[in-house]
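# Inside the fold
Now for the letters of each chain:
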Amino acid sequence: SSGITAEYGQLFYEFSKISVSPDHASLTISFLKQTVLKQVLTMGEDYVMTFFSVVTFAQQGVFSTVSRLAAIVIRVGFRHIEDSYYLFFAQMLRRGLPPDQQGRDALKTCKETLGNLLRFNALFGLVVTVYGLSYARLALLLYGGSGLADSDGPLLLQWHCPYIAVCGINGVSECFYFATMSQMEVESYNLKLLPFSACFLLLSVAL
């Protein structure tokens, strides 16, 4: 027992010696604020439906099912690309420096990579949109049966298809921007995101 206590004490002692750069800590706090705001934008409609009862439980169930089904494409297809290339851009470019102070070869590589990613995600999003608009009802019929297919689900899924295409382009451009912008730019982004989050919640309640 005393040996285990000593090991835990040594562990906490090692943690106490860890020092965090003030710049890194401040940048982490900025990204934490951004995460909260993006959570509001991502899940805001669920909060509105839960706390304000603007729709029936049946309609809420259809909306949640369709949105989760559409989110599979974003999470499986786009999310891994964004996470991987965020690390790539963060390693290739120095955060907060203008282009003329970056390495020429690294800048050229990142430019070509970003262009290829945008083209790929745009084409993938267009394919999802074209086939999703035509086969939305069939997809819901296979997924949830006639009860889901005969509701407002197909119309909601059709509206989600162009949204997926926009998310593909937005996600790649954001991962490049977040990997290279300075703390001041992160704070500026958060301030711009705040009124959009408020407007989104107000429109969700009103509509």
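Predicted model, so just to flag it, every value in this text is computed and none were measured. (Residues numbered from 1 in each chain as written. Predicted model: local features only at pLDDT ≥ 70, side-chain atom pairs only at ≥ 80, totals over all residues. Heavy atoms only, no water.)

## Here we look at the overall build of the protein chain
Operational definition: A run of H or I in DSSP becomes a helix once it reaches four residues, and a run of E becomes a strand once it reaches two; helices and strands are each numbered from the N terminus. Relative accessibility thresholds used throughout: buried, under 20% of the residue-type maximum; exposed, over 50%; partly exposed, between the two (1.4 Å probe, protein chains only).
Across its full length, the protein chain holds 7 helices and 0 strands. Taken from N to C terminus, the helices and strands of the protein chain fall in the order α-α-α-α-α-α-α. Burial status across the protein chain gives 29% buried among its 207 residues.

## Some points on the packing of helix H3 (residues 57-92) against helix H6 (residues 153-180)
Using the following cut-off: Orientation is described by lines fitted to C-alpha atoms, with helices fitted over the stretch in contact, and by angles between N-to-C directions that extend from 0 to 180 degrees. Here roughly perpendicular refers to angles of 65 to 115 degrees, roughly parallel to angles under 35, roughly antiparallel to angles over 145, and oblique to all remaining angles. Each crossing gets its hand from how the near helix is turned against the far one by less than a right angle, where anticlockwise is left-handed and clockwise is right-handed. Note on residue categories: nonpolar means Ala, Val, Leu, Ile, Met, Phe, Trp, Tyr, Cys or Pro, charged means Asp, Glu, Lys or Arg, and polar means any other residue, Gly included.
At a minimum axis separation of 9 Å, H3 and H6 run at an interaxial angle of 15°. Classified by the interaxial angle, the pair formed by H3 and H6 is roughly parallel. H6 is crossed by H3, and the crossing has right-handed handedness. Class assignment of the residues belonging to the contact of H3 with H6 gives a composition of 21 nonpolar, 5 polar and 1 charged.

## Comments concerning the packing of aromatic side chains
To describe a pair of aromatic rings, one takes the distance between the centres and the angle between the planes. Applied cut-off: Within 6.5 Å between ring centres, the rings of Phe, Tyr and Trp (the latter by its six-membered ring) count as paired, and their orientation is classed by plane angle as stacked under 30 degrees, edge-to-face over 60, tilted in between.
One pass over the full model with this rule turns up 8 aromatic pairs. Between Tyr-85 and Phe-89, the ring centres sit 6.4 Å apart and the planes meet at 45°, which makes this aromatic pair tilted. Residue Tyr-85 and its partner Phe-89 are located together in helix H3, separated by 4 residues, close to a single helical turn. Since its relative accessible area comes to 31%, Tyr-85 is described here as partly exposed.

## Comments concerning the pattern of salt bridges
Short version of the rule: What counts as a salt bridge is simple: a side-chain nitrogen of Lys or Arg found within 4 Å of a carboxyl oxygen of Asp or Glu.
Under the criterion given, the structure shown has 2 salt bridges. Residues Arg-79 and Asp-83 are paired through a salt bridge, measuring 3.7 Å at the closest nitrogen-oxygen approach. Placement of the pair is Arg-79 and Asp-83 together in helix H3, with a separation of 4 residues, close to one helical turn. A salt bridge links Arg-137 to Asp-150, with the shortest nitrogen-to-oxygen separation between them at 2.5 Å. Here the residue Arg-137 occupies a position in helix H4 (residues 104-144), and Asp-150 occupies one in the loop between helix H5 (146-149) and H6, the gap between them amounting to 13 residues.

## Brief notes about the side chain of Gln-102
Quick reminder of the rule: Under the rule applied, a polar contact is a pair of N or O atoms within 3.5 Å (in protein, one hydrogen donor and one hydrogen acceptor; residues adjacent in sequence only if both atoms are side-chain atoms). In this analysis, two residues are considered to be in contact whenever any of their non-hydrogen atoms come within 4.5 Å of each other.
Along the polypeptide, Gln-102 turns up in the loop between H3 and H4. Here Gln-102 falls in the buried class, since its relative accessible area comes to 12%. Only 3.2 Å separates the side chain of Gln-102 from the backbone oxygen of Leu-97, close enough to count as a polar contact. Among all residues touching Gln-102, those that are not within four sequence positions of it are Leu-93, Arg-94, Leu-97 and Leu-107.

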